[in-house]
Amino acid sequence: MRRLNPFRNIPTILRAEEIIEFAHNRSVRVSMKSSLRLSKIERTRIREITRLQEFTKNVKLKLKAIVDDFPSLDRIHPFYLELAEILIGVDRLKQALGAVHNCIPLIDDITNRHLEAMRLADDFRQIKRSRSAAKGRIASILRATSDNIDFIIEAKTKLGRLPGVIPNSPTIVCAGFPNVGKSTLVRAVSTAEPEIAYYPFTTRQVIVGHLTVGNQMVQIVDTPGILDRPMSKRNEIERSAIAALKYLANVIIFIIDPSEACGWTLEEQINLYKEVRRMFVLNPLLVVFNKVDITPKDHMEAARSRIPDAFEIVAIDGQGVDELLRRAVDEVDLEPIEESIEEYKAGLSQRKVQSPDD
Ligand SMILES: Nc1nc2c(ncn2[C@@H]2O[C@H](COP(=O)(O)OP(=O)(O)OP(=O)(O)O)[C@@H](O)[C@H]2O)c(=O)[nH]1
Ligand SMILES: [Mg+2]
């Protein structure tokens, strides 16, 4: 099954100075059979022209690789596009890729003009000066765009750390305030190994795990805690949790800690629950009271009176968890997934029919 983080396998990107050095090393290494019948100036001309061509070829190769190896932002899964927007800024990224791409015709132009001068020169020092001037000007172009290259490298590093999601796999997303036990639940039931700690904001990015419920393979997503505040005030970590809810969730498990050991009141948590409910009206959403093992009786009663149909679990020892997961899987609307499998199969057999090899 294909796991999909389109940014994970981008090959190494060289920085501006590294490209200059790489291309320079390649260009001075070109060896030529020198014919004794040629005059010194002609031998110099051929050697210097070849060196400049080799230098340009390698610079262009590396610049083209930066642009071509970067996943097309217009075609990636919306979850990754949104994360790219949150973590990097899609417009700035497109602008950086465009700027790198635009260096190529400038470099061609400089190379062609200097090659022409080298072909016409009648002094070997002049030929060498032209070659060196061309390399200098190309290096300046690269240095002028080094901020863009550095930005693309930073984007590759940040986005490469995102989890791989399996598209079309039924997906449960766990959300709630910080410190309520989201990671404890996800870690207990799936392959994911998020860090768990007694303080808030432990989970700082979306984490994906897998589990089987009955005979159904399910993806479960742990998210960073969200605070009850306006969207415009939310930081990039909270906004990545919202992106997971928006683009990955077939079912949302909203966890509330009625013991308030998490550090937030029941009231604050219920406000956030209501907001999430409003934002994702169409998603099935299961409310869960976690930490019922340490919740005082009066708190428990208060919580039950506010949300009577909430599940009650103890994520640290698994109490109530199986039932919760079974319900979550029941809530996943599997129909669209079956449809997309059928579509995929139909596409395959069509391609087979069309294939000239068959
Ligand atoms: N008593 C009790 N403690 C729990 C339970 N579930 C989680 N905890 C504790 O609550 C604390 C927070 O748990 P996490 O799983 O890290 O919480 P989180 O919601 O992922 O927190 P962030 O990543 O910061 O948003 C840890 O000390 C857990 O051991 C539970 O059912 N009972
Ligand atoms: Mg966590």
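Since the model is a prediction, treat every value here as computed from it, not as a measurement. (Residues numbered from 1 in each chain as written. Chains lettered and ligands numbered in written order. Predicted model: local features only at pLDDT ≥ 70, side-chain atom pairs only at ≥ 80, totals over all residues. Heavy atoms only, no water.)

Looking at this structure, I do not really get the site of ligand 1. What am I missing?
Looking at ligand 1, there are 23 residues lining it, with K182, S183, T184, F201 and T203 nearest. Here an oxygen atom of ligand 1 sits 2.5 Å away from a polar atom, N or O, in the side chain of T184. Relative to its unbound accessible surface of 650 Å², ligand 1 loses 89% to contact with the protein. Here the shell around ligand 1 is built from residues that sort into twelve nonpolar, eight polar and three charged. (Near = heavy atom within 4 Å. Polar contact = N/O pair within 3.5 Å; in protein donor to acceptor, adjacent residues only side chain to side chain. Areas by Shrake-Rupley, 256 points an atom, 1.4 Å probe, with all protein chains shown as cover. Nonpolar A, V, L, I, M, F, W, Y, C, P; charged D, E, K, R; others polar.)

Where do I start with unusual backbone geometry in this structure?
With the exception of glycine, most residues fall at negative phi, and the peptide bonds are largely trans. Of note, the phi angle at N179 is positive, near 75°, even though the residue is not glycine. Tracing the sequence through the fold places N179 in the loop between β1 (171-176) and α7 (182-189). Positive phi, normally seen in glycine, also occurs at E260, with a value near 65°. Locating E260 in the fold gives a position in the loop between β4 (251-256) and α9 (266-279). E260 sits in the partly exposed class, given a relative accessible area of 28%. (Helix = DSSP H or I, 4+ residues; strand = E, 2+ residues; numbered from the N terminus. Buried < 20%, exposed > 50% of the residue type's maximum accessible area, 1.4 Å probe, protein only.)

Is there a simple way to explain the pairing of strand β3 (residues 216-222) in this structure?
Two faces, one strand: in a regular strand the side chains alternate between the faces of the sheet. Of all the seven residues making up β3, six are buried; the element is thus mostly covered by neighbouring parts of the structure. Across four bridges, β1 lies against β3 in parallel orientation. Bridge assignment links T171 to a residue of β3, and that residue is Q219. Two elements, strand β2 (residues 207-213) and β3, share seven bridges in a ladder whose sense is antiparallel. Looking at β3, one finds that V208 is bridged to V221. Connecting the antiparallel pair β2 and β3 is a turn made up of two residues, with G214 showing a positive phi of about 65°. (Pairing = 2+ DSSP bridges.)

Is there a simple way to think about the sheet that holds β1 in this case?
If you walk across this open sheet you meet the six strands as β2-β3-β1-β4-β5-β6, and the pairing is mixed. The two strands at the open ends of the sheet, each matched to only one other strand, are β2 and β6 (311-312). Contacts between helix α8 (residues 236-248) and the sheet are confined to β1, β3 and β4, with β1 contributing the most and set at about 150° to the helix. (Contact = heavy atoms within 4.5 Å. Axes fitted to C-alpha atoms, helices over the stretch in contact; angles between N-to-C directions.)

Would you take a moment to explain helix α6 (residues 146-160) for this structure?
Because an α-helix packs 3.6 residues into every turn, residues spaced three or four apart end up facing the same way. Here α6 is 15 residues long and its end C-alpha atoms lie 21 Å apart, about the 21 Å a rise of 1.5 Å per residue gives. Turning to α6, its buried residues number three or more, namely S146, N148, I149, F151, I152, I153, A155, K156, L159 and G160. The secondary structure elements touched by the buried residues of α6 are α1 (16-28), α2 (40-69), α3 (78-87), α4 (90-120) and α5 (124-144). (Expected span 1.5 Å × (residues − 1).)

Please clarify how the environment of T157 should be interpreted in this entry.
Mapped onto the elements of the fold, T157 is located in helix α6. For the pair T157 and F7, spaced 150 residues apart in sequence, the C-alpha to C-alpha distance is 8.5 Å.

Is there a simple way to think about α3 in this case?
Of all the residues in α3, the buried ones are F79, Y80, L83, A84, I86 and L87. Relative to the axis of α3, the buried residues are bounded by an arc of 165° and lie together on one face. Each element contacted by the buried residues of α3 is listed here: α4, α6 and α8. Backbone geometry just after α3 places G89 at a positive phi near 100°. (Arc of directions from axis to C-beta.)

Which parts of the structure should I look at to understand the domain arrangement of the chain?
Interfaces are often sized by the amount of accessible area the parts lose when they come together. Per the domain assignment, the segments making up the chain are domain 1 (16-160) and domain 2 (171-339). Once you take the C-alpha centre of each, domain 1 and domain 2 turn out to be 49 Å apart. Counting residues at the interface gives seven residues for domain 1, matched by nine residues for domain 2. Across the interface of domain 1 and domain 2, roughly 730 Å² is buried in total on both sides, 72% from carbon and sulfur atoms. Together, F79, E82 and I86 form the three largest contributors to the area buried by domain 1 at its contact with domain 2, with a combined 66%. Applying the counting rule to domain 1 against domain 2 returns one salt bridge. Here domain 1 is connected to domain 2 by one residue pair in polar contact (both at pLDDT 80 or more). (Domains from an automatic or database assignment. Buried area = accessible area lost by both parts, 1.4 Å probe. Salt bridge = Lys/Arg side-chain N within 4 Å of Asp/Glu carboxyl O.)

It is not clear to me how the nonpolar core should be interpreted in this structure. Could you clarify?
If you look at soluble globular proteins, the nonpolar side chains tend to sit buried side by side. Core analysis: the largest hydrophobic core is formed by 110 residues, its most contacted members being L63 and L185. In terms of residues, this core owes the most to one element, α4, which gives eleven residues. Viewed by domain, this core spans two of them, domain 1 (16-160) and domain 2 (171-339), each represented by three or more residues. Apart from the residues within four sequence positions on either side, L63 is in contact with I19, V100, C103, I104, I107, L142 and I149. (Core = buried A, V, L, I, M, F, W, Y, C linked by side-chain atoms within 4.5 Å.)

Can you walk me through the coordination of the magnesium ion (ligand 2) in this structure?
Geometry sets the ideal angles at a metal, namely 109.5 degrees for four tetrahedral donors and 90 or 180 degrees for six octahedral donors. Every protein donor of the magnesium ion (ligand 2) is accounted for by S183 (OG) and T203 (OG1), and the metal-donor separations fall at 2.0 Å. Remark: T203 occurs in the loop between α7 and β2 and S183 occurs in helix α7; sequence separation between them is 20 residues. Judged by relative accessible area, which is 9%, S183 ranks as buried. (Donors = N, O, S within 2.8 Å, 3.2 Å for Na, K, Ca; no water.)

Quick question: what am I supposed to make of the pattern of salt bridges here?
It is possible for side chains bearing opposite charge to pair when their charged atoms get close. Enumeration over the complete set of coordinates arrives at 21 salt bridges. Between E17 and R143 there is a salt bridge whose closest N-O contact spans 2.5 Å. Of the two residues, E17 sits in helix α1 while R143 sits in helix α5, which places them 126 residues apart along the sequence. Across the pair E312 and R304 runs a salt bridge, and its minimum N-O distance is 2.7 Å.

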